[in-house]
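Structure assessment
Take a look at the letters that make up each chain.
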Amino acid sequence: MSTPYKAPSAENIALLEKLVAALKRRGIVTEEEIARRRETAERASPETGARMVARAWTDPAFRELLLRDGTAAAESFGVSMKGNPPLGVLEDTAEVHHLVVCTLCSCYPRAVIGYPPHWYKSAAYRARAVREPRAVLAEWGTVLPAGVQVRVVDSTADYRWMVLPLRPEGTEGWSEERLASLVTRDHLVGVALPGATAGAAAAA
Amino acid sequence: MTGAVPNAPQPRFAPGSRIRVKDDRPEHLVRIHIRTPHYVRGRSGTVQRVLGAFPNPEALAFNRPAEPRVLYHVLFDQPPVWDEGQAGDTLLIELFEHWLEPEEA
């Protein structure tokens, strides 16, 4: 389901360089700001989201903060949310499973998950996740327990959304670090469930 | 890349309110950046949560003065929207207040 990556053309790169030069000339951006922004973007990774999930599984006060104010929860993990859209976190329950998509473009909680994978931005995922989410989940090898409802979250506006999955059974007494190692990007988007589909993320 | 604005207008709808999304196509008339998906226009849903107020993206994208608008998380039943899916499946969508009207209107 992924779209092949296309390298930017020489014309596009030349256009970008001219734009950056014009912005610098007018004092709108500086080289330092661009470097700082690039550093933050490169540091962002799903490990941050995974650590936040593991903390929420083990610390009820943090779970409450995460669900009420994702932005503050991310900042408590040292993520600079200044200039980033607010983070919202949606909790899976025994009755409801969340699946995040952005049908209009590719909104994604980059500050805590890093860059979106190519399939997340593909027309196929964006069209199908909202229309036939159960077929999409099945292709990922994701099996929801009987009776669980699917809630598709179309990320249409100013928030960015992350899923707080259910803690897998059989992890009682695990350390936060060990729990975090179970959680991947796919679980934070909702196409897969931690502990339930080991090795099934072939579409990545 | 903007956060919720301070001095937000009072929300017109409270969580639990039944609303209908306007069945409107303003993009046919003016240059405008719309964050209301086509598939949900004209559909009825339930306000889940008030998400704060944000500059109206429809104007912001074209560098016009962008008034703060209240943003809601609105829940829709999936099957009537797509005529697919299972009963109980839902769609949760961020929508701005000026796209919503009370369901009975």
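Procedures and definitions
- Residues numbered from 1 in each chain as written.
- Chains lettered and ligands numbered in written order.
- Predicted model: local features only at pLDDT ≥ 70, side-chain atom pairs only at ≥ 80, totals over all residues.
- Heavy atoms only, no water.
- Helix = DSSP H or I, 4+ residues; strand = E, 2+ residues; numbered from the N terminus.
- Rg over C-alpha atoms; globule rule 2.2 N^0.38 Å.
- Buried < 20%, exposed > 50% of the residue type's maximum accessible area, 1.4 Å probe, protein only.
- Contact = heavy atoms within 4.5 Å.
- Areas by Shrake-Rupley, 256 points an atom, 1.4 Å probe, with all protein chains shown as cover.
- Buried area = accessible area lost by both parts, 1.4 Å probe.
- Salt bridge = Lys/Arg side-chain N within 4 Å of Asp/Glu carboxyl O.
- Polar contact = N/O pair within 3.5 Å; in protein donor to acceptor, adjacent residues only side chain to side chain.
- Pairing = 2+ DSSP bridges.
- Axes fitted to C-alpha atoms, helices over the stretch in contact; angles between N-to-C directions.
- Domains from an automatic or database assignment.

Moving on, we get to the overall build of chain A. Counting its regular elements, chain A contains 11 helices and four strands. In terms of overall size, chain A behaves like a compact globule, its C-alpha atoms giving a radius of gyration of 18 Å where 204 residues would be expected to give roughly 17 Å. If one aligns the C-alpha atoms of chain A with their principal axes, the spans along those axes are about 60 × 35 × 30 Å. Here chain A holds 204 residues, and 43% of them are scored as buried. In chain A, of all internal contacts separated by at least 6 residues, the share reaching a separation of at least 24 is 69%. Surface accessibility of chain A: about 10,600 Å² in total, with carbon and sulfur atoms responsible for 54%.

Facing 28 residues of chain A, the contacting portion of chain B comprises 27 residues. Counting each side, the surface lost to burial between chain A and chain B is near 2,400 Å², with a carbon and sulfur contribution of 48%. On the chain A side of the contact with chain B, Arg131, Arg151 and Asp158 of chain A bury the most area, a combined 24% of that side's loss. Applying the counting rule to chain A against chain B returns one salt bridge. Taking the shortest distance from any N to any O, the salt bridge between Asp89 of chain B and Arg134 of chain A comes out at 2.7 Å. Where chain A packs against chain B, one counts 17 residue pairs in polar contact (both at pLDDT 80 or more).

Ordered in space as β2(A)-β3(A)-β4(B)-β3(B)-β2(B)-β1(B)-β5(B), the seven strands form an open sheet in which the pairing is mixed. In this open sheet, the two strands that pair with only one neighbour each are β2 (96–101) of chain A together with β5 (100–102) of chain B. Between one strand and the next, the sheet's axes are offset by a mean angle of 35 degrees, whatever the strand orientation. In this structure, β2 of chain A lies alongside strand β3 (residues 149–154) of chain A, joined through six bridges in parallel fashion. By the bridge assignment for β3 of chain A, Val96 of chain A is matched with Gln149 of chain A. Sitting on the sheet, helix α8 (residues 123–131) of chain A is in contact with β2 and β3 of chain A together with β4 (90–96) of chain B, with an inclination near 155 degrees to β2 of chain A.

Moving on, we get to the domain arrangement of chain A. The assigned domain composition of chain A is domain 1 (10–39) and domain 2 (44–203). The gap between the C-alpha centroids of domain 1 of chain A and domain 2 of chain A is 32 Å.

Next up on the list: the pairing of strand β3 (residues 68–77) of chain B. All names here are of chain B. The buried fraction of β3 amounts to seven of the 10 residues, a majority that puts the element mostly inside the structure. Across eight bridges, the pairing between strand β2 (residues 44–55) and β3 is antiparallel. Counterpart to Phe54 in the pairing with β3 is Arg69.

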